[in-house]
Amino acid sequence: RYNLIVLDYVKDSISRLENINKLKLKKCYINLTKEFLSDPNFLVLAYLQIKSKSDNLTMFLDKETFNELNAELFLNAAKKMSDNSYVFKPTKIVKIPKSNSDDFKSLMVGSPRDKIIQKAINILLNQIYEYEDNIFLKVSHGFRFGYSAHTALKYIKTA
């Protein structure tokens, strides 16, 4: 029953996100950004998109994991985003061995709460710049959903 209630709230956030261009007519993007990031349901949407990634199960400095998140976290984070008091935690640096040598590479691990906020920002900016304002060029492949080094190489080969 709880999951159905959450899905209804998330559907509302998705609908608002899809209509962001209509909302923009009344407000500037800065106000829209704050409006979305201070909505706990929008933060739940971001959480649902990243919760099952294996690297998100890594424990953070204060032993916080995605398994321990609750509704209060989303409400508190949204309130802090609303009053501009949200502060990102420092990242944890973990050294992991490289697969084909004796060297190590550094992996930066952020807190689950910060990852949720970052994903929410990513969703919002992607919607604005990718779909609404259509700012990105077709030859831009970095950090975009559905684009990668492989799609860039395909483009070079065919174009």
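Residues numbered from 1 in each chain as written. Predicted model: local features only at pLDDT ≥ 70, side-chain atom pairs only at ≥ 80, totals over all residues. Heavy atoms only, no water.

What to know about helix H7 (residues 149–158)
Then, in step 1: For H7, the tally of buried residues reaches only 0 of 10 residues, placing the bulk of the element at the surface.
Then, in step 2: For H7, the N-terminal capping position is held by Ser-148, with its side-chain oxygen 3.1 Å away from the main-chain nitrogen of His-150. (Buried < 20%, exposed > 50% of the residue type's maximum accessible area, 1.4 Å probe, protein only. Helix = DSSP H or I, 4+ residues; strand = E, 2+ residues; numbered from the N terminus. Polar contact = N/O pair within 3.5 Å; in protein donor to acceptor, adjacent residues only side chain to side chain.)

A few points about the pattern of salt bridges
Any two side chains of opposite charge can pair, so long as their charged atoms come close to each other.
Then, in step 1: This structure, assessed with the given rule, holds 1 salt bridge.
Then, in step 2: A salt bridge links Asp-83 to Lys-79, with the nearest nitrogen and oxygen atoms 3.5 Å apart. (Salt bridge = Lys/Arg side-chain N within 4 Å of Asp/Glu carboxyl O.)

Let's talk about the nonpolar core
Then, in step 1: In this structure, Phe-42, Leu-43 and Ile-116 are the most contacted members of the largest nonpolar core, which totals 25 residues.
Then, in step 2: Among the secondary structure elements, those contributing two or more residues to this core are helix H1 (2–18), helix H3 (29–37), helix H4 (40–50), helix H5 (71–82) and helix H6 (112–132).
Then, in step 3: The leading source of residues in this core is H4, at 7 residues.
Then, in step 4: Among residues more than four places away in sequence, those in contact with Leu-43 are Leu-37, Phe-74, Ala-77, Ala-78, Ile-116, Ile-117 and Ala-120. (Core = buried A, V, L, I, M, F, W, Y, C linked by side-chain atoms within 4.5 Å. Contact = heavy atoms within 4.5 Å.)

Quick word on unusual backbone geometry
Then, in step 1: Of note in this structure, Asn-84 is not a glycine but carries a positive phi near 60°.
Then, in step 2: Inspection of the secondary structure assignment puts Asn-84 in the loop between H5 and strand S1 (92–97).
Then, in step 3: Of the residues examined, Asn-84 reaches a relative accessible area of 61% and is grouped as exposed.

Notes on the packing of aromatic side chains
Then, in step 1: Counted under the stated rule, the structure contains 3 aromatic pairs.
Then, in step 2: Measuring from ring centre to ring centre gives 5.1 Å for Phe-36 and Phe-42, while their planes differ by 70°; the resulting arrangement is edge-to-face.
Then, in step 3: Judged by its relative accessible area of 0%, Phe-36 falls in the buried class.
Then, in step 4: Given the relative accessible area of 0%, Phe-42 is considered buried.
Then, in step 5: Look at Tyr-47 and Phe-74: their rings are 5.6 Å apart centre to centre, the planes differ by 65°, and that puts the pair in the edge-to-face class. Here Tyr-47 is found in helix H4, whereas its partner Phe-74 is found in helix H5, with 27 residues between them in sequence. (Phe/Tyr/Trp six-rings, centres within 6.5 Å; stacked < 30°, edge-to-face > 60°.)

Quick look at the pairing of S1
Within a regular strand, the side chains alternate between the two sheet faces.
Then, in step 1: Sparse coverage of S1 is indicated by the burial of 0 of its 6 residues.
Then, in step 2: As defined by bridge partners, S1 adjoins strand S2 (residues 104–109) across 6 bridges and the pair is classed as antiparallel. What sits directly across from Ile-96, in S2, is Lys-105.
Then, in step 3: Taken together, S1 and the strand that follows it, S2, pair antiparallel across an intervening segment of 6 residues. (Pairing = 2+ DSSP bridges.)

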